[in-house]
Amino acid sequence: MQCPFCQHPDNRVLESRSAEAGQSIRRRRECLRCHRRFTTYERIEFVPITVLKQNGDRQLFDRSKVLRGIVRACEKTGISALRMEAIVDEIEAELQQRVSREVSSLEIGELVLKHLRCESEVAYVRFASVYRQFQTMKDFVETLDDLSRQEAPNNIPIEDEYCQCHESPAHTVAIAD
């Protein structure tokens, strides 16, 4: 690692700590020639993921596009910006763990819906309406019916296969009589 000030190749590490939610290591260094200090970050180099769009085009995965869609869906729902970032981190980690380096935009949309289902039904429906290109009120009603079918009446804890982003997959649904 060259010193950014004098380009001397030798330095010593003064301090190392985890950064970016454990995704990188921050190192504080000191040049052995000029004694100036600088910071470096060490990250895992991921192999790029190619997204296959519905029109057949291919482009590199762009986490900012996913985050923008989630932010729009989560407006005024009380979901924090940190949680939205964490959702994108989880989705990106899932994609990086796959053997295939190519993923369809449809698969990414379904991953987003899976995570939003855990966070907010309103955000889920908002995202679904854009992602699935709702054209009529019937499309909304069908999605709401699907959500309702996944819930159990009378405060009975249910296992929710769609909601695996929280520590406990069981939750209680209250239905007013």
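What you are looking at is a predicted structure, and each value in this text was computed from that prediction instead of being measured. (Residues numbered from 1 in each chain as written. Predicted model: local features only at pLDDT ≥ 70, side-chain atom pairs only at ≥ 80, totals over all residues. Heavy atoms only, no water.)

Colleague: Requested: an account of the layout of surface pockets, with residues and values cited.
Modeller: In this model, the largest pocket occupies a volume close to 730 Å³. The wall of the largest pocket is formed by 24 residues, among which Lys53, Lys65, Ser105, Phe127 and Tyr131 lie closest to the centre. Among the secondary structure elements, those contributing two or more residues to the lining of the largest pocket are β5 (58-60), α1 (63-73), α3 (105-119) and α4 (121-131). By residue number, the principal contributor to the lining of the largest pocket is α1, which donates 6 residues. Among the residues forming the lining of the largest pocket, the class breakdown is 11 nonpolar, 6 polar and 7 charged. Space inside the second largest pocket adds up to approximately 390 Å³. As for the second largest pocket, its lining consists of Glu20, Ala21, Gln23, Arg43, Ile44, Phe46, Arg63, Asp89, Glu92, Ala93 and Gln96. (1 Å grid on protein atoms, 1.4 Å probe; cavity = no way out; pocket = protein on both sides within 12 Å on 5 of 7 lines; lining within 4 Å. Points joined across faces, edges and corners; volume = space filled by probe spheres on them. Helix = DSSP H or I, 4+ residues; strand = E, 2+ residues; numbered from the N terminus. Nonpolar A, V, L, I, M, F, W, Y, C, P; charged D, E, K, R; others polar.)

Colleague: Could you give an account of the sheet that holds β5, naming the residues involved and the relevant values?
Modeller: Judged by pairing direction, the sheet is mixed, and its 3 strands sit side by side in the order β5-β4-β6 without closing on themselves. In this open sheet, the two strands that pair with only one neighbour each are β5 and β6 (102-104). Each strand of the sheet is rotated relative to its neighbour by a mean of 35 degrees, with strand direction disregarded. Summarising the sheet, strand β4 (residues 50-52) and β5 pair through 3 bridges and their orientation is antiparallel. Residue Thr50 lies in a different strand from β5, and its bridge partner there is Leu60. (Pairing = 2+ DSSP bridges. Axes fitted to C-alpha atoms, helices over the stretch in contact; angles between N-to-C directions.)

Colleague: Any details on the nonpolar core? Residues and values, ideally.
Modeller: In this structure, Val66, Ile70, Ile91, Leu95 and Leu116 are the most contacted members of the largest nonpolar core, which totals 26 residues. Elements with a minimum of two residues in this core: α1, α2 (81-96), α3 and α4. Dropping the residues within four chain positions of it, Leu116 is found in contact with Ile70, Ala73, Cys74, Ile87, Ala123, Tyr124 and Phe127. (Core = buried A, V, L, I, M, F, W, Y, C linked by side-chain atoms within 4.5 Å. Buried < 20%, exposed > 50% of the residue type's maximum accessible area, 1.4 Å probe, protein only. Contact = heavy atoms within 4.5 Å.)

Colleague: For the pairing of strand β3 (residues 37-43), give the residues involved together with the corresponding values.
Modeller: Successive residues of a regular strand alternate their side chains across the two faces of the sheet. Bridge count for strand β2 (residues 24-31) against β3 is 7 bridges, and the pairing is antiparallel. Across the sheet, Glu30 pairs through a bridge with Arg37, a residue of β3. In this antiparallel pair of consecutive strands, β2 and β3, the connection spans 5 residues, and His35 shows a positive phi of 65 degrees.

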